[in-house]
Amino acid sequence: MALKPNSADGRTRSWVQIFIVFGLCCFFYILGAWQRSGFGKGDSIALEITKHGADCNIIPSLNFETHHAGEVGNVGESEKIKSFQPCPPRYVDYTPCQDQKRAMTFPRDNMIYRERHCPREEEKLHCLVPAPKGYVTPFPWPKSRDYVPYANAPYKALTVEKAIQNWIQYEGNVFRFPGGGTQFPQGADKYIDQLAAVIPITNGTVRTALDTGCGVASWGAYLWSRNVLTMSFAPRDSHEAQVQFALERGVPAVIGVLGTIKMPYPSRAFDMAHCSRCLIPWGANDGMYLKEVDRVLRPGGYWVLSGPPINWRNNYKAWQRPKEELEEEQQKIEDVAKLLCWEKKHEKGEMAIWQKRVNDESCRGREDDSQAKFCKAEEANDVWYKKMDVCVTPYPDVSSSSEVAGGELKPFPERLFAVPPRIASGSVPGVSVETYEEDNNIWKKHVNAYKKINRLIDSGRYRNILDMNAGLGGFAAALNSPKLWVMNVMPTIAEKDTLGVIYERGLIGIYHDWCEAFSTYPRTYDLIHAHGLFSLYKDKCNLEDILLEMDRILRPEGAVIFRDEVDVLIKVKKITAGMRWDTKMVDHEDGPLVPEKVLVAVKQYWTVGGNTTSAQ
């Protein structure tokens, strides 16, 4: 007969075993945390938050709410920090690489003086660019499309210069934008309706557009309601504050010009490109500018030209130009378009529309054309400070005459998460379909965590958003909303060039080197995201310069989300402590053992001659 076990002894052994296992778990947990936090340095802020609550994403001392009086959270610093002083008031609209005084020292030929010319290291400002006195938070979209606070961009020149063209009107303490333009006196909506009669704008086929010489960007502003995302650009102060007004309205725009340098966009990026009396000499320099548009236009994409020289026969007197000159100008455009194998789809009034062929099969004849010099295919995306060449960018190879070169894109919004052709074809080394889909899932999780940290992210408070190291565009895709847009930046030193993938998803972006200033006005962005940026630029340039540039382009009471290794973020936090930013560190959403952390920040409200105010 078996002996009956002693139940008391059994319970004792069970508790001892549980205690031993629990003790070992605690030991290895603490050891792992010590090892992963930077050789025992630890992440005191994140651990403090973890200690005080299960949800380490809740940050009660940071106030993201908008206050015109400028109330923000206050975080004390225990150590001596470097304090950055405000720049003099004359720098309120300072754009370092498009500075007017520096620009005038360069040749005017081919708009060289309007291109990027950045200050030397010893000329860089190490101060905080102030907001103008009376600056207020912009109106939320869609009101911002039509109204901009006068205090944010107090420049009236355009209200006089473009008074009869309905660009902009001054009404008390606001500017109003009626949606007019030089070539669309009946308004941008009516003008876009005319385009939509020829171009499939409404069915998602056309998603990304490029507006060259955009003025105040009303074309892009009104395309937004058609679910078309437009990258607008114009020179710095060709007309006073035009790009600044575009950004204050909440329309994607950068300072830029077609001069001698390639545009900072990848090949086959845009579904549509547009020029409305943009004053670009399209037929000049052997059609160099049209060939550059062809490079960034996807196969099957459209180019729209309205204004001179189209319909010159009826308008040469009104334009006060010799008809022979205008006729020659249009003929040059037609000749270049023929060389590029574009098909003219429409010409009526002062508007003409061409369509780029879907592949090179229908353009074989141009190979025998002595004028058809072809670029090197491998240089199609090599654009940063690279000179424009008078050559034609070749199409990717196809296997049939009906195949779309480079791959056919799905209509938007389906293309946002569909596998981009550049990934499906394996043309991005190291990025497979599986890694792309995994990246999407990761960023959906990250963005959900961000929304717990800052509940204003999808409220309409943040309209203009910048992703400084965009990768595959997962952050922007996860954020996608009619309330906001994201400028995806591909650092020129990034290991992989994925900007073409971002455009194939129906998003927009630009190449940039963050060792230099961005081509935009101060106070451009409401929210900035920097994932791995400071690890990427470690030992490449001064991190302080990058943070000061972030401060320049961030709106008062705008927010920043840094995601990086904890050691890097500790250095970042130390610098930002002297920049009138309030910061908090939080754990990765997978817990404190993950060495990657999140640093969130809010820029305090202050203006020229004003004091910083903080929430109590």
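None of these values were measured; they are calculated from a predicted model. (Residues numbered from 1 in each chain as written. Predicted model: local features only at pLDDT ≥ 70, side-chain atom pairs only at ≥ 80, totals over all residues. Heavy atoms only, no water.)

1. Considerations on the confidence of the model for the chain
- The pLDDT averaged across the chain works out to 87; a share of 85% of its residues lies at or above 70.
- Here residues 30-61 is a poorly scored stretch, pLDDT under 50, and it has 47 contacts once near neighbours within four places are set aside; other chains count. (pLDDT = per-residue confidence, 0-100. Contact = heavy atoms within 4.5 Å.)

2. Thoughts on the environment of tryptophan 224
- Take tryptophan 224: it is sitting in the loop between helix H7 (218-223) and strand E5 (229-234).
- In sequence terms tryptophan 224 and arginine 207 are 17 residues apart; their C-alpha atoms lie 9.7 Å from each other.
- The residues contacting tryptophan 224, other than those within four sequence positions of it, are Trp141, Leu229, Arg463, Ser481, Pro482, Leu484 and Trp485.
- A polar contact of 3.2 Å, which involves the side chain of tryptophan 224, links it to the backbone oxygen of proline 482. (Helix = DSSP H or I, 4+ residues; strand = E, 2+ residues; numbered from the N terminus. Polar contact = N/O pair within 3.5 Å; in protein donor to acceptor, adjacent residues only side chain to side chain.)

3. Digging into the sheet that holds strand E1 (residues 147-149)
- Overall, antiparallel pairing links the 3 strands, which are arranged E1-E3-E2 in an open sheet. Of all the strands in the sheet, just E1 and strand E2 (169-171) have a single pairing partner and so form its edges. The sheet shows a mean angle of 30 degrees between the axes of neighbouring strands, taken without regard to direction.
- Both E2 and strand E3 (residues 174-176) contribute to a ladder of 3 bridges, which runs antiparallel. Paired with glutamate 171 across the strands is valine 174, a residue of E3. (Pairing = 2+ DSSP bridges. Axes fitted to C-alpha atoms, helices over the stretch in contact; angles between N-to-C directions.)

4. Digging into helix H11 (residues 323-339)
- Its 17 residues place the ends of H11 24 Å apart at the C-alpha level, agreeing with the 24 Å of an ideal helix rising 1.5 Å per residue.
- Taken residue by residue, H11 has Leu326, Gln330, Ile333, Val336, Ala337 and Leu339 as its buried positions.
- Cysteine 341 sits one or two residues past H11 and shows a positive phi near 70 degrees. (Expected span 1.5 Å × (residues − 1). Buried < 20%, exposed > 50% of the residue type's maximum accessible area, 1.4 Å probe, protein only.)

5. Focus on the state of the cysteines
- In total, this model carries 6 disulfides according to the counting rule given.
- In this model, cysteine 87 is linked to cysteine 127 through a disulfide, with the two sulfur atoms separated by 2.1 Å. An S-S torsion of about 100 degrees defines the bridge between cysteine 87 and cysteine 127 as right-handed. You can see cysteine 87 sitting in the loop between helix H2 (44-52) and helix H3 (100-103) and its partner cysteine 127 sitting in the loop between H3 and helix H4 (143-146), a full 40 residues away along the chain.
- Given a relative accessible area of 16%, cysteine 127 falls into the buried group.
- The disulfide partner of cysteine 275 is cysteine 278, and the S-S distance across this bridge is 2.0 Å. On the sign convention where negative is left-handed, the bridge of cysteine 275 and cysteine 278, at about -100 degrees about the S-S bond, is left-handed. (Disulfide = S-S within 2.5 Å.)

6. Notes on the layout of surface pockets
- Of the volumes computed, that of the largest pocket is approximately 680 Å³.
- Breaking the lining of the largest pocket down by element, the ones donating at least two residues are strand E4 (208-212), H7, E5 and strand E7 (270-276). (1 Å grid on protein atoms, 1.4 Å probe; cavity = no way out; pocket = protein on both sides within 12 Å on 5 of 7 lines; lining within 4 Å. Points joined across faces, edges and corners; volume = space filled by probe spheres on them.)

7. With respect to the pairing of strand E16 (residues 581-587)
- Most of E16 is tucked away, with 6 of its 7 residues classed as buried.
- For E16 and strand E17 (residues 596-603), the ladder comprises 7 bridges, and the chain directions are antiparallel. Pairing of threonine 583 across the sheet is with alanine 601, part of E17.

8. A few points about the side chain of serine 218
- By the element assignment, serine 218 lies in helix H7.
- You can call serine 218 buried: its relative accessible area is 4%.
- If we ignore the near neighbours within four places in the chain, the residues touching serine 218 are Gly179, Gly180, Phe184, Ala188 and Arg249.

9. Some points on empty space enclosed by the protein
- Counting across every chain of the model gives 3 cavities of 30 Å³ or more.
- One number sums up the size of the largest cavity: a volume of about 90 Å³.
- For the largest cavity, the full set of lining residues is Arg207, Trp224, Leu229, Ala476, Asn480, Ser481, Leu484, Trp485, Val486, Asn488, Leu507 and Ile508.
- With 3 residues, strand E12 (residues 485-491) is the largest single contributor of residues to the lining of the largest cavity.
- Residue classes in the lining of the largest cavity are distributed as 8 nonpolar, 3 polar and 1 charged.
- Per-domain counts for the lining of the largest cavity show at least three residues from each of domain 1 (187-379) and domain 2 (416-603). (Nonpolar A, V, L, I, M, F, W, Y, C, P; charged D, E, K, R; others polar. Domains from an automatic or database assignment.)

10. Here we look at the sheet that holds strand E10 (residues 351-356)
- Sheet architecture is open: 7 strands sit in the order E6-E5-E4-E7-E8-E10-E9, paired in mixed fashion. For this open sheet the edge positions go to strand E6 (253-255) and strand E9 (342-348), each flanked by a neighbour on one side alone. Each strand axis lies, on average, 20 degrees off the axis of its neighbour in the sheet, ignoring direction.
- As paired strands, E4 and E5 are joined by 5 bridges and run parallel to one another. Across the sheet, threonine 212 pairs through a bridge with phenylalanine 233, a residue of E5.
- Strands in contact with helix H6 (residues 188-196) are E7, strand E8 (297-306) and E10; relative to E10, the strand with the most contacts, it is inclined by about 45 degrees.
- Strands E8, E9 and E10 of the sheet are contacted by H11, whose axis makes an angle of about 145 degrees with E9.

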